[in-house]
Amino acid sequence: MDTTLLVIQLLNGLQLGILLFLVASGLTLVFGILDFVNLAHGAVYMLGAFICASLTFVTGSFVWAVFFALPLVAIAGYLLERFIAQPLYERDHLDHVLGTFGAILVIDTLAHLVWGPAGIAIPLPAYLDGQIEILTEIVVPTYRLTIIAAGLSAAAGLYWLVNFTRLGMLIRAGASNRTMVSALGVDIKTLFSLVFALGAVLAGLAGMLIAPITEASLGMGNNIIITAFVVIIVGGIGSMKGAFYAALFIGLIDTLGRAFLDDIFKLFMSSAAAENSAPALSSMLIYILMALILSMRPQGLFPPKLR
Amino acid sequence: MIVMNPTKNTTKRVAKVVILVAVLIVPLMLSTFGFTFYLDLATRLSILAIAAVGLNLILGYGGMVSFGHAAYLGIGAYAVGIPAHHWLYGGLNMVASTNGFLQIGLAILASALFAFLTGLVCLKVKGVYFIMITMAFAQMLYYLLVSISEYGGDDGLVIDTRSEFPLISLDDPLQMFLVSVLSLFIIMWGVRRIAKSQFGMVLEGIKGNEARMISLGYNTFRYKLVAYVISGVICGFAGALLGNFTTFISPEMIDWARSGELMFMVILGGVATTMGPLLGAITFIVVEEVLSSLTIYWHLPFGLMLIGIVLFVRGGLSSLLERGQKTDD
């Protein structure tokens, strides 16, 4: 394997990791603070991609589309919270799962009705569509770097928000003892809505960022949500730090496994056998890792200290 | 259980018998009048009901909410499809056969193995973790099947020859229906026996208060694992029937929406009851048939219905959990 391919695959892995973090952070935020299991989180990711696709054609620019789509996704998140999540907060996790499963069916079918069964490709502006030489002779697509940069800034912004602002303080307080927070006069309902909308924005952003590469399509949310589950299980449910490290780890392992596992296998088995077994194993790699990590640390790698 | 009202109990008993007889007789009658479509529908219903009965063992009696039980349907179906494929096209001489006993044995063995291995991991955790991990393992299997191009990958595989048994031919829709519905009755009876045995009592005890059962000296992990494997095997068997019924296998059978539908059947029908999964499956099939005949976007009203049930059934669906236990005799 040559260096260029390795660097490119590393970047791809990093990009997948960042996107996974954006999705998983919303999940873990909502679970950690609201104690709510949101299966429909992937549907919001998909919704972000579709809204962004439509707005790209309306505004003529992908960047403006993202800018306008984010508040729309926040509204979608708010509606989801208001009408489905909020009445279920006091209920069992089983009810959360079933209620949001229903929500997925509704959102998916609505997206099918509005945008049709085929995927929508999103054209990139010229300045994002090129290639860039990062090291001598190693050329990578500019847009991949843009995704990584945008994702990292979103992660940094989230870190700042949770750790250094009053809202973040309330969020952390709500996570450790929500009754006490509301007893101190904080409007916990609004806080919860905000957290939910924030999670939706993060997932929506991830969907928007990936859409120019993969196009906005109907099944995309359901594919990423389970990987995001793997991320938060490995990282420890409710832990932001865990979600971040686990997302990068899973993203890299998955991408590198798919890219290089057959080469590695060829070192010690016939190339025909390697070509047969490598795709099968690499598609299961992250789940096997999850199983291994869980059997050693059932609480995940970085379980939250609180509660 | 304490007998609350003898007459009410008799009525319930009669109602149950009526439902069971209806499931057997109505499709037969309709098919003699030429409505063979309903015979196929009833076959599918019976097969899904078997899977729901299997899921109910752990979800209802054991309180383990598995969101990945469609995986076993897939395993069972592939255990029919793969030997049939090799029988026709060569390769893998060990399993290449259309012998029904071999295929069903393979389905049971493979589901037991998958349940045992994944159970070792996911039964270590509870609640949301359990839901997510069962889902992840099913997804793992999904991607595995997608990646194996020999068995059609994403597109799936047509089963050219159904399982062959002495005296029975599954190619005949009537016999296929009878095999499915009788299997359903036997498995319902079997799971009922398990639930009423000491094993079942321990399982319900674990659902109620696992810490207490541990203090009482029960190895709760082992009980849960055994229940999990039995449940997987039942669903695997249902999968083998499903493969024979549809004569088509694809990774789509393992899609998490299928697992969600199974959960829906169990919970809607009433968890931890003998009749619940059957009632749930009947409801699901009827709703699906009616809605999908009206519109191809039938998931929209179905989803809304699901949300409505979760939101407005008093105390949530999990209250049916308690209610179901008290009234089931």
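Reading the values: rules and limits
- Residues numbered from 1 in each chain as written.
- Chains lettered and ligands numbered in written order.
- Predicted model: local features only at pLDDT ≥ 70, side-chain atom pairs only at ≥ 80, totals over all residues.
- Heavy atoms only, no water.
- Helix = DSSP H or I, 4+ residues; strand = E, 2+ residues; numbered from the N terminus.
- Rg over C-alpha atoms; globule rule 2.2 N^0.38 Å.
- Buried < 20%, exposed > 50% of the residue type's maximum accessible area, 1.4 Å probe, protein only.
- Contact = heavy atoms within 4.5 Å.
- Areas by Shrake-Rupley, 256 points an atom, 1.4 Å probe, with all protein chains shown as cover.
- Lys, Arg positive; Asp, Glu negative; His and termini not counted.
- Charge placed at Lys NZ, Arg CZ, Asp CG, Glu CD.
- Phe/Tyr/Trp six-rings, centres within 6.5 Å; stacked < 30°, edge-to-face > 60°.
- Patch = residues over 30% accessible without salt bridge, like charges linked within 9 Å, V, L, I, M, F, W, Y side chains within 5 Å.
- Salt bridge = Lys/Arg side-chain N within 4 Å of Asp/Glu carboxyl O.
- Core = buried A, V, L, I, M, F, W, Y, C linked by side-chain atoms within 4.5 Å.
- Pairing = 2+ DSSP bridges.
- Expected span 1.5 Å × (residues − 1).
- pLDDT = per-residue confidence, 0-100.
- Axes fitted to C-alpha atoms, helices over the stretch in contact; angles between N-to-C directions.
- Left-handed = near helix turned anticlockwise from the far one by under 90°.
- Nonpolar A, V, L, I, M, F, W, Y, C, P; charged D, E, K, R; others polar.
- Parallel < 35°, antiparallel > 145°, perpendicular 65-115°, else oblique.
- Buried area = accessible area lost by both parts, 1.4 Å probe.
- Polar contact = N/O pair within 3.5 Å; in protein donor to acceptor, adjacent residues only side chain to side chain.

Draft legend 1. Quick look at the overall build of chain A. In terms of helices and strands, chain A carries twelve helices and two strands. Relative to its length of 307 residues, chain A is compact, with a C-alpha radius of gyration of 20 Å against a globular reference of 19 Å. Based on the C-alpha atoms only, the size of chain A along its principal axes is roughly 65 × 50 × 35 Å. Buried residues in chain A amount to 55% of all 307 residues. Nonlocal contacts in chain A, meaning residues at least 24 apart in sequence, comprise 77% of its contacts between residues at least 6 apart. When the accessible surface of chain A is totalled, it reaches about 12800 Å², and 67% of it is carbon and sulfur. Side-chain charges of chain A comprise 13 positive and 16 negative groups, with the mean position of each set lying 15 Å from the other.

Draft legend 2. Region of interest: the packing of aromatic side chains. Overall, the coordinates contain 26 aromatic pairs over all chains when judged by the stated rule. Here the aromatic rings of F67 of chain A and F68 of chain A are separated by 5.8 Å at their centres, their planes lie at 75°, and the arrangement is edge-to-face. F67 of chain A sits in the exposed class, given a relative accessible area of 55%. Taken together, a centroid distance of 5.8 Å and an interplanar angle of 80° make the contact between F101 of chain A and F67 of chain B edge-to-face. Highlighted residues: F101 of chain A in helix α4 (residues 93–115) and F67 of chain B in the loop between α2 (36–61) and α3 (70–89), drawn from two different chains. On the basis of relative accessibility, which here comes to 1%, the residue F67 of chain B falls in the buried class. An aromatic cluster is defined as three or more aromatic residues linked by ring pairs; in this entry it consists of F21, F244, Y245 and F302 of chain A.

Draft legend 3. Spatial organisation of a nonpolar patch on the surface. Residue and element names in this part refer to chain B. There is a patch of nonpolar side chains on the surface, built from V17, V21, I25, M29, F33, F35, F37 and Y38 and spanning about 790 Å² of accessible area. Per element, the largest residue contribution to the nonpolar patch is four residues, and it comes from helix α1 (residues 6–32). On the secondary structure map, V17 appears in helix α1. On the accessibility criterion, V17 (46% relative accessible area) is partly exposed.

Draft legend 4. Broad picture of the nonpolar core. Judged by nonpolar contacts, the single largest core of 213 residues is most densely connected at L34, L39 and M290 of chain A together with F67, I133 and M263 of chain B. Dropping the residues within four chain positions of it, L34 of chain A is found in contact with L29, Y89, R178, F192, V195 and F196 of chain A. Grouped together as the second largest cluster of nonpolar side chains are seven residues, V7, I138, V140 and L248 of chain A included.

Draft legend 5. Main features of the pairing of strand β2 (residues 138–141) of chain A. Residues and elements named next belong to chain A. The side-chain alternation of β2 yields one buried face, formed by I138 and V140, and one unburied face, formed by V139 and P141. Direction of pairing for strand β1 (residues 131–135) relative to β2: antiparallel, over a ladder of four bridges. Note on β2: the bridge partner recorded for L135 is I138.

Draft legend 6. Molecular detail of helix α2 (residues 41–59) of chain A. Residue and element names in this part refer to chain A. In this model α2 runs 26 Å from its N-terminal to its C-terminal C-alpha over 19 residues, within 8% of the 27 Å that 1.5 Å per residue would give. Buried residues dominate α2, accounting for 15 of its 19 residues. Just past α2, the residue G60 takes up positive phi, approximately 85°.

Draft legend 7. Examining the side chain of K224 of chain B more closely. With respect to the helices and strands, the residue K224 of chain B is situated in helix α9 (residues 220–246). Excluding its chain neighbours within four sequence positions, the residues that come into contact with K224 of chain B are M64, L123, L203, I206 and E210 of chain B.

Draft legend 8. Geometry of the confidence of the model for chain B. Residues and elements named next belong to chain B. With 93% of its residues at a pLDDT of 70 or more, chain B shows a mean pLDDT of 85. Least confident of the elements in chain B is helix α13 (residues 317–327), whose mean pLDDT is 50; most confident is α9, at 93. Contacts for the low-pLDDT stretch residues 324–329, under 50 throughout, to residues beyond four places or in other chains number 19 contacts.

Draft legend 9. The packing of helix α1 (residues 3–34) of chain A against helix α6 (residues 142–164) of chain A, seen in detail. Residue and element names in this part refer to chain A. Between α1 and α6, the least distance of the axes is 9 Å, while the angle of their chain directions is 35°. Crossing of α1 against α6: the hand is left-handed. Along the contact surface, α1 presents L11, N12, L14, Q15, I18, L19, F21, L22 and S25, while α6 presents R144, L145, I147, I148, G151, L152, A154, A155 and L158. Grouping the constituent residues of the contact of α1 with α6 by class yields 13 nonpolar, four polar and one charged.

Draft legend 10. Fine view of the packing of helix α10 (residues 256–269) of chain B against helix α12 (residues 299–312) of chain B. Residues and elements named next belong to chain B. Packing of α10 against α12 leaves a shortest axis separation of 13 Å and a crossing angle of 45°. Viewed along their axes, α10 and α12 adopt a mutual orientation that is oblique. Every pair of crossing elements has a handedness; the one defined by α10 and α12 is left-handed. Each of E261, F264 and L268 in α10 lies in contact with α12, whose residues at this interface are H299, F302, M305, L306 and I309. Taken together, the residues of the contact of α10 with α12 break down into six nonpolar, one polar and one charged.

Draft legend 11. Fine view of the interface of chain A and chain B. Contacts between the two partners involve 47 residues from chain A, matched on the other side by 40 residues from chain B. Buried surface at the junction of chain A and chain B, both sides included, amounts to about 4000 Å², of which 82% is carbon and sulfur. It is L94, L98 and F101 of chain A in chain A that bury the most area against chain B; as a group they hold 15% of the surface buried on that side. Along the contact surface separating chain A from chain B lie zero salt bridges. Joining chain A to chain B, the criterion identifies five residue pairs in polar contact (both at pLDDT 80 or more). With 16 residues, α4 of chain A is the largest single contributor of residues to the side of chain A that touches chain B. When grouped by side-chain class, the residues that make up the side of chain A that touches chain B number 33 nonpolar, eleven polar and three charged.

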